[in-house]
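Notes for the structure review
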Amino acid sequence: MKSILPSVIAVSFILGSGFAHADAAAIYAKSCASCHGKDGKGDTKMGKKAGARDYTTAEGQKWSDAEGVKAILDGVKDGSKTKMKGYTGKITEAEAKELVAFIRKFKK
Ligand code: HEC
């Protein structure tokens, strides 16, 4: 028993993080890709209209993780115009962090 326990913990950790990643991908595909694009370029009809950035470029990634989480939870406003609505209540802070990590991967 003593020798099995660490590997059980390791396996559940790997599975756990795997699921968390799949969640971010699923949320992104469902709620975010319409503007930000499946490839993160933001060149969808809605993305162009709203003014989404190109996340495949260094320029498009010029915001901090904290700013990204805040944008997802609180939304983004340009004066009185809402560029992106906030997802508080629908997306948890942990999920928002996962989404930011997911978006970072668009830039190779
Ligand atoms: C209606 C179109 C739209 C949808 C849907 C949308 N966004 Fe956005 N998002 C934008 C726009 C526009 C900005 C602001 C770009 C800027 O900074 O000028 C933005 C900003 C962001 C930012 C801050 C970094 C940046 O580009 O300025 C993050 C992170 C982000 N969105 C993630 C998401 C995630 C995750 C989802 C899905 C849960 C999502 N967005 C859904 C349009 C959208």
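Higher on the page you've got the structure.
Mapped onto the secondary structure, L99 falls in helix α4 (residues 93-104). Overall, L99 belongs to the buried group, its relative accessible area being 2%. The spatial distance from the C-alpha of L99 to the C-alpha of C32 is 9.7 Å, given a sequence separation of 67 residues.

With that settled, the discussion passes to the coordination of the iron atom of the ligand. Taken together, H36 (NE2) and M84 (SD) make up the full set of protein donors to the iron atom of the ligand, lying 2.0 to 2.1 Å away. Angles of 85 to 179° at the metal separate the 6 donor atoms of the iron atom of the ligand, which places the site in the octahedral class. Placement of H36 in helix α1 (residues 4-36) and of M84 in strand β2 (residues 81-85) is noted, with a sequence separation of 48 residues between them. A relative accessible area of 12% means that H36 is categorised as buried.

For soluble globular proteins, nonpolar side chains are generally found buried alongside one another. Formed by 18 residues in total, the largest nonpolar core has its most connected members in Y28, I72, I91, A96, L99, I103 and F106. Of all the secondary structure elements, the ones that give two or more residues to this core are α1, α3 (65-74) and α4.

Now for the site of the ligand. With respect to spatial proximity, 21 residues lie near the ligand, and among them C32, C35, H36, Y55 and M84 are the closest. H36 is positioned such that a nitrogen or oxygen atom in its side chain is 2.7 Å from a nitrogen atom of the ligand. When each cavity is represented as a set of grid points, the ligand is found to reside in the largest pocket. Taken together, the elements giving at least two residues each to the shell around the ligand come down to α1, α3, β2 and α4. The element best represented in the shell around the ligand is α1, accounting for 5 residues. Looking at the shell around the ligand residue by residue, the classes come out as 14 nonpolar, 5 polar and 2 charged.

All chains considered together, the criterion is met by 4 salt bridges. Measuring nitrogen to oxygen at the nearest pair gives 3.3 Å for the salt bridge that ties K70 to D74. With K70 and D74 both in helix α3 and 4 residues apart, this pair spans about one turn of that helix. With a closest N to O distance of 3.9 Å, K97 and E93 form a salt bridge. Linking K97 with E93, this pair stays in helix α4, spanning 4 residues, or about one helical turn.

A cluster of basic side chains, namely K45, K49, R53, K81 and K83, defines a positive patch on the protein surface. Counting through the fold element by element, K45 comes out in helix α2 (residues 45-50).

With that out of the way, let us pick up the layout of surface pockets. In this structure, the largest pocket encloses a volume near 730 Å³. As for the largest pocket, its lining consists of 26 residues, and the residues nearest its centre are H36, Y55, V76, K83 and M84. Broken down by secondary-structure element, the contributors of at least two residues to the lining of the largest pocket are α1, α2, α3, β2 and α4. If one sorts the elements of the lining of the largest pocket by residue count, α1 sits on top with 5 residues. Class assignment for the residues of the lining of the largest pocket results in 15 nonpolar, 6 polar and 5 charged.

About the thresholds
- Residues numbered from 1 in each chain as written.
- Predicted model: local features only at pLDDT ≥ 70, side-chain atom pairs only at ≥ 80, totals over all residues.
- Heavy atoms only, no water.
- Helix = DSSP H or I, 4+ residues; strand = E, 2+ residues; numbered from the N terminus.
- Buried < 20%, exposed > 50% of the residue type's maximum accessible area, 1.4 Å probe, protein only.
- Donors = N, O, S within 2.8 Å, 3.2 Å for Na, K, Ca; no water.
- Tetrahedral: all angles 85-135°; square planar, octahedral: opposite > 155°, others 65-115°.
- Core = buried A, V, L, I, M, F, W, Y, C linked by side-chain atoms within 4.5 Å.
- Near = heavy atom within 4 Å.
- Polar contact = N/O pair within 3.5 Å; in protein donor to acceptor, adjacent residues only side chain to side chain.
- 1 Å grid on protein atoms, 1.4 Å probe; cavity = no way out; pocket = protein on both sides within 12 Å on 5 of 7 lines; lining within 4 Å.
- Sits in = over half its atoms within 2 Å of the grid points.
- Nonpolar A, V, L, I, M, F, W, Y, C, P; charged D, E, K, R; others polar.
- Salt bridge = Lys/Arg side-chain N within 4 Å of Asp/Glu carboxyl O.
- Patch = residues over 30% accessible without salt bridge, like charges linked within 9 Å, V, L, I, M, F, W, Y side chains within 5 Å.
- Areas by Shrake-Rupley, 256 points an atom, 1.4 Å probe, with all protein chains shown as cover.
- Lys, Arg positive; Asp, Glu negative; His and termini not counted.
- Charge placed at Lys NZ, Arg CZ, Asp CG, Glu CD.
- Points joined across faces, edges and corners; volume = space filled by probe spheres on them.

This is a description of form; function is not addressed.
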